[in-house]
Amino acid sequence: MDGLKFDYNYKGDNALKELERITSKAAEVQDNILCGILERNKDTQYLSKYMEGSKDVLEFKRSVPIITYKDVCSYIQRIANGEDSSLITGHPITEILCSSGTSGGEPKLMPTISEDLDRRTFVYNLITPIVNKYLEGLDKGKTMYLNFVKTETSTPCGLPIRSVLTSYYKSKHFQCRPYDPFNDLTSPIQTILCEDSNQSMYCQLLAALIHRHKVLRLGAVFASAFLRAISYLERKWSQLCQDIRTGHLSPMITNPGCQMAMSSLLATPNPDLADEIEEICGRPSWKGILCLLWPQAKFIEAVVTGSMAQYIPALEFFSQGKIPLVCPMYASSETYFGVNVKPLSKPSDVVFTLLPNMCYFEFIPLGKNGTLSFDDEEEVPCDKAVDLVDVKLGRYYELVVTTFAGLYRYRIGDVLQVAGFYNKAPQFRFICRRNVVLSVDLDKTNEEDLHRSITLAKKKLENKAFLAEYTSYADTSSVPGHYVLFWEIQWLKPDGDGEKLEEKVVMEECCIAVEEELDYIYRQCRKRDRSVGPLEIRVVKAGTFEKLMDMIISQGGSLNQYKTPRCVKSNSAMLKLLDGHVTGSFFSPRDPTWSP
């Protein structure tokens, strides 16, 4: 800065004491954060345009606009192309983080500076001490936490472009951290850093099985990733047992780092352990499999809020409801936000205490009298946002952040509800991502993008049929989950054997046409990450959507204001009605195109 100094180097009990301090003095800490940002960045091109070198807080709130990504992306792109970081921040930008959100179909690029890793590490260092208050003895065993990196690219000027998690795993904060008995991972670091997700997954699961009687924690960052690991284990457990039985690593593992790391774990054959695992995995039902494979596990750690809540039933099936689900933190590529100070609360009751030392928080009130209302107004008046300590209990807000790395009054797009206070810091329940209709993993498809994709894809029906209506849902009953579109189609020719064959060809073309028009992150999840399955179109009988309208109106909906819902929830009456009228199901015949 040079200005004010912020210390994030706290661990264990000291981290808990710092949590108490910053939440008890939330207003003071927030004022210091904003003053520090303005002191450091007042001479940047972006702030100078609005404040002319001033570092006055009131001037900032009066003059600096509340923005979305499109308002700042040109500055970030200029830095990516080689211009100086001083366009937006007073410290050098060290890497660009690739967000799971998109703009114009491409991933959003977020600037980050070196000390942002200190802030992220502070949050990570809080999680285990908080959980240990409720579940003691976490320092007496190991953690099976599945971490993965993604292949990185670089900007034209050589700045690395990474996901926020890859950034952390590749940093000295993770790789050079001192031994911590509360975070003793089963996965050797070389297996985490392996960019081949198949080899990384295999080796991490193998290590976790070898240490099965020592594991106290299970988890992955997202519930979807953890379930993907279980699905992988269902396919590979026999081979994994063979490796344990013989003391030799499968020849499919060709990564030198993985080979070296696993050689010490497989130093001697262990047929008894292999027999134990084979007996468990060979059972006809995998209900409660996690309890059997890792009998000492005290909790499963993963994000299970927002779109990830759809995976809770599957997690409860595999744990037989006996292992608590812990949703520890709230974060994004832009900045980390807060922690769950009551980690054993039910997923539906999870609230996050925002940490006042992460960034400067503001909130846009949503709806009259605080009721939830999705206002698509793009430009928000400067004076509409309220400060962290001024939010009201029970009301809904959209989150806005100002960061050291050069985002000023930036709309995150998350809708939150104030659920309470921890000392002087508000606690929020995550409600949803604005305008997101479908999400299975890191993908986030909004109604506009879905409509655009279907509009282009339905051209495949020209001269054969027309699309009368559609809706969608994210099917996560299997892993990986996939998008399902319900289409009501009026065919222009009578049915027959030839027409049935043509229908299959046309509908598969429609499936892939939709996928080709969805955004970069969706196509990446489909083609590279394999975290989203092929898109499915279910054709329904004529009149199905009229029956759907009748159902909604019979439940109190207004005929005058009725709009076909563009997304239905799993296990809902609407989904049951739609599924009951399906006449044909078609899947994408190939992966959509994608390149890094």
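The rules behind the values
- Residues numbered from 1 in each chain as written.
- Predicted model: local features only at pLDDT ≥ 70, side-chain atom pairs only at ≥ 80, totals over all residues.
- Heavy atoms only, no water.
- Pairing = 2+ DSSP bridges.
- Helix = DSSP H or I, 4+ residues; strand = E, 2+ residues; numbered from the N terminus.
- Contact = heavy atoms within 4.5 Å.
- Axes fitted to C-alpha atoms, helices over the stretch in contact; angles between N-to-C directions.
- Phe/Tyr/Trp six-rings, centres within 6.5 Å; stacked < 30°, edge-to-face > 60°.
- Lys NZ or Arg CZ within 6 Å of the ring centre and 35° of its normal.
- Salt bridge = Lys/Arg side-chain N within 4 Å of Asp/Glu carboxyl O.
- Buried < 20%, exposed > 50% of the residue type's maximum accessible area, 1.4 Å probe, protein only.
- pLDDT = per-residue confidence, 0-100.
- Parallel < 35°, antiparallel > 145°, perpendicular 65-115°, else oblique.
- Left-handed = near helix turned anticlockwise from the far one by under 90°.
- Nonpolar A, V, L, I, M, F, W, Y, C, P; charged D, E, K, R; others polar.
- Polar contact = N/O pair within 3.5 Å; in protein donor to acceptor, adjacent residues only side chain to side chain.

A. Molecular detail of the sheet that holds strand 13 (residues 386–387). Reading across the sheet, the 8 strands line up as 9-10-11-16-15-14-12-13 and stay open at both edges, with antiparallel pairing between neighbours. The sheet is open, and its two borders are formed by strand 9 (329–331) and strand 13, each paired with just one other strand. Bridge analysis of strand 15 (residues 410–422) against strand 16 (residues 425–433) gives 8 bridges, and the strand direction is antiparallel. Of the residues in strand 16, the one forming a bridge with Tyr-422 is Ala-425. Helix-sheet contacts for helix 2 (residues 26–41) involve strand 12 (360–365), strand 14 (396–402) and strand 16, and the interaxial angle to strand 12 is about 105°.

B. Focus on the packing of aromatic side chains. On inspection of all chains with the given rule, the structure shows 19 aromatic pairs. For the ring pair Tyr-124 and Tyr-336, a centre distance of 5.7 Å and an interplane angle of 90° mean the geometry is edge-to-face. Of this pair, Tyr-124 sits in helix 6 (residues 116–132) while Tyr-336 is found in strand 10 (residues 336–339), placing the two residues 212 residues apart along the sequence. Three or more aromatic residues link up through ring pairs in this structure, and these residues are Tyr-124, Tyr-168, Tyr-169, Phe-174 and Tyr-336. The ring of Phe-174 carries the charged tip of Arg-177 above its face, separated from the ring centre by 4.2 Å. Here Arg-566 stacks its cationic end above the ring of Tyr-470, 4.2 Å away from the centre of that ring.

C. Inspection of the environment of Arg-212 at higher detail. Structurally, Arg-212 can be placed in the loop between helix 10 (197–210) and strand 6 (215–222). Note: C-alpha distance between Arg-212 and Thr-471 (259 residues apart in sequence) is 44 Å. Ignoring sequence-local partners within four residues, the contact set of Arg-212 consists of Leu-273, Glu-276, Ile-277, Ile-280, Leu-292, Leu-293, Trp-294 and Pro-295.

D. Representation of the pattern of salt bridges within the structure. Scanning the model with the defined rule gives 38 salt bridges in all. Ionic pairing is found between Glu-301 and Arg-217, a salt bridge with its closest N-O pair at 2.8 Å. With Glu-301 in strand 7 (residues 299–303) and Arg-217 in strand 6, this pair connects stretches of sequence that are 84 residues apart. Pair check on accessibility: Glu-301 and Arg-217 agree, each one buried.

E. Fine view of the confidence of the model for the protein chain. When pLDDT is averaged along the protein chain, the result is 88, and 93% of the positions lie at 70 or above. Looking across the protein chain, the model is least confident in strand 1 (residues 93–103), with a mean pLDDT of 78, and most confident in strand 11 (residues 352–354), with 97.

F. Focus on the sheet that holds strand 21 (residues 536–540). Spatial strand order, 19-20-21-22: 4 strands in an open sheet with mixed pairing. Of all the strands in the sheet, the pair left with one neighbour each is strand 19 (465–475) and strand 22 (582–587). On average, adjacent strands in this sheet sit at an angle of 25° to one another, irrespective of strand direction. Of the strand pairs in this sheet, strand 19 and strand 20 (residues 482–491) are connected by 10 bridges, and their pairing is antiparallel. Looking at strand 20, one finds that Asp-475 is bridged to His-482. Contacts from helix 16 (residues 447–457) reach strand 19 and strand 20 within the one sheet, and its direction differs from that of strand 19 by about 140°.

G. Local environment of the environment of Leu-416. Of note, Leu-416 is situated in strand 15. When its relative accessible area of 1% is taken as the criterion, Leu-416 is described as buried. For Leu-416 and Arg-433, which are 17 residues apart along the polypeptide, the C-alpha to C-alpha distance reads 9.0 Å. The residues contacting Leu-416, other than those within four sequence positions of it, are Tyr-330, Phe-363, Arg-395, Tyr-396, Tyr-397, Leu-399, Phe-428, Arg-429, Phe-430 and Ile-431.

H. Quick peek at the packing of helix 11 (residues 223–246) against helix 13 (residues 271–281). The geometry of helix 11 relative to helix 13 is characterised by a closest axis approach of 8 Å and an angle of 165° between their N-to-C directions. The orientation of helix 11 with respect to helix 13, classified from their angle, is roughly antiparallel. Regarding helix 11 and helix 13, the two cross each other, and that crossing is left-handed. Between helix 11 and helix 13, the contacting residues are Trp-237, Cys-241, Ile-244 and Arg-245 on the first element and Pro-271, Leu-273, Ala-274, Asp-275, Ile-277, Glu-278 and Cys-281 on the second. Split into classes, the residues belonging to the contact of helix 11 with helix 13 amount to 8 nonpolar, no polar and 3 charged.

I. Looking closely at the pairing of strand 15. Of all 13 residues in strand 15, 11 are buried; the element is thus mostly enclosed. Direction of pairing for strand 14 relative to strand 15: antiparallel, over a ladder of 5 bridges. Along strand 15, the bridge assignment pairs Val-400 with Arg-411. The turn joining strand 15 and strand 16, which pair antiparallel and follow one another in sequence, is formed by 2 residues; a positive phi near 55° is taken by Asn-423.

J. Structural detail: the environment of Thr-246. Note on placement: Thr-246 falls in helix 11. The exposure class of Thr-246 is partly exposed, given its relative accessible area of 29%. Sequence separation between Thr-246 and Ala-274 is 28 residues, and the spatial gap between their C-alpha atoms is 9.2 Å. Looking at Thr-246, its side chain comes within polar contact range of the main-chain oxygen of Gln-242, at 2.9 Å. Side-chain polar atoms of Thr-246 contact the backbone nitrogen of His-248, separated by 3.2 Å.

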